[in-house]
Amino acid sequence: MNEDRITTALLSDSAYERVRYERHSYFRQTVPRTLALQSASLGMLALVLPMYGLYPNSAAQFLPAVDPVVASPKVLLMGVFGGLFQLISAVLLVGAVFYRVSKAPLTEEQAHSVLNVEDFARYVALGTGGVAILVTTLLFAIGLGGASAIESYVAVMGRNPFAASGLGISVSTVSLLAFVASVVVFYAGRFLAVEIALSRLSRQN
């Protein structure tokens, strides 16, 4: 089935589809699929709030504050950067789709340009941003083990990931923004899937 889809794309009169399968890329997901993965990644970042709220009392000595509304641990900053990378990538992907839909049918040169933007956005989102959010979530999960788990981490790494960042970006704020962004990115992907399908139908008719 996958081979049939690739063959159809290579024989297609769409320069975008043809070039997409001809060029090398580690991430071949469609834009709607990529946005769905980004939505899931942002949803994972939103989990830092419920995790923080479940920390046992023994973890309090390592935390900047017990209340997630004011707590701003250093580890949260990695998640913030990951979330920003996801949003920047999502904007690039949405812009790329609107460009190729409005300019369709694309020339081969235009197809390469659009795919360059899409590939860059995918690498930033699923690579840099996704890894940053995954590591952030895993580090927050350490706190669920209480003082003993955090002490073990500090003994190995030499620093407390929950030390105060001093920037005032709270756990609850990041979690709420990540949740909202996750929903927006998800529905953006669904909307683009419809736009792409309609554009394909209009070209066929």
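For the structure, see preceding data.
Residues numbered from 1 in each chain as written. Predicted model: local features only at pLDDT ≥ 70, side-chain atom pairs only at ≥ 80, totals over all residues. Heavy atoms only, no water.

1. Remarks on the overall build of the protein chain
No. 1: A tally of helices and strands in the protein chain yields eight helices and zero strands.
No. 2: Reading the helices (α) and strands (β) of the protein chain from amino to carboxyl end gives α-α-α-α-α-α-α-α.
No. 3: Each principal axis of the C-alpha distribution contributes one length, and for the protein chain these read about 65 × 30 × 30 Å.
No. 4: For the protein chain, the proportion of its 205 residues judged to be buried stands at 40%.
No. 5: Looking at the protein chain alone, contacts between residues at least 24 apart form 80% of all its contacts between residues at least 6 apart.
No. 6: For the protein chain, the distance from the average position of its 14 positive side-chain charges to the average position of its 12 negative side-chain charges is 2 Å. (Helix = DSSP H or I, 4+ residues; strand = E, 2+ residues; numbered from the N terminus. Buried < 20%, exposed > 50% of the residue type's maximum accessible area, 1.4 Å probe, protein only. Contact = heavy atoms within 4.5 Å. Lys, Arg positive; Asp, Glu negative; His and termini not counted. Charge placed at Lys NZ, Arg CZ, Asp CG, Glu CD.)

2. Some points on the packing of aromatic side chains
No. 1: By the definition in use, this model includes six aromatic pairs.
No. 2: Consider the rings of Phe 98 and Phe 191, whose centres lie 6.3 Å apart with planes at 45°: the pair is tilted. With Phe 98 in helix α5 (residues 75–103) and Phe 191 in helix α8 (residues 171–204), this residue pair connects regions lying 93 residues apart in the sequence.
No. 3: We classify Phe 98 as partly exposed; its relative accessible area is 41%.
No. 4: Overall, the relative accessible area of 43% leaves Phe 191 in the partly exposed class.
No. 5: Ring centres 5.9 Å apart and planes at 85° place the aromatic pair Phe 140 and Phe 162 in the edge-to-face group. Taken together, the positions of Phe 140 in helix α6 (residues 108–142) and Phe 162 in the loop between α7 (146–157) and α8 put the pair 22 residues apart, joining distant regions of the chain. Just as Phe 140 is buried, Phe 162 falls in that class too.
No. 6: Among the aromatic residues, those joined into a cluster by ring pairs are Tyr 52, Tyr 55, Phe 140 and Phe 162.
No. 7: Over the ring of Tyr 16 we find Arg 100, and its NZ or CZ is 3.9 Å from the ring centre.
No. 8: The cationic tip of Arg 190 hangs over the ring face of Phe 186; the distance from NZ or CZ to the ring centre is 6.0 Å. (Phe/Tyr/Trp six-rings, centres within 6.5 Å; stacked < 30°, edge-to-face > 60°. Lys NZ or Arg CZ within 6 Å of the ring centre and 35° of its normal.)

3. Observations regarding the nonpolar core
No. 1: Membership of the largest hydrophobic core comes to 34 residues, with the highest contact counts inside it found for Leu 35, Tyr 52, Tyr 55, Phe 140, Phe 162 and Val 171.
No. 2: In terms of residue count, the dominant contributor to this core is α8 (seven residues).
No. 3: Apart from residues no more than four positions distant in its own chain, Leu 35 is found in contact with Ala 90, Leu 93, Val 94, Val 185, Ala 188, Gly 189 and Leu 192.
No. 4: Counting residues in hydrophobic clusters, the runner-up holds eight residues, among them Ala 15, Val 19, Leu 106 and Leu 115. (Core = buried A, V, L, I, M, F, W, Y, C linked by side-chain atoms within 4.5 Å.)

By themselves these figures say nothing about function.
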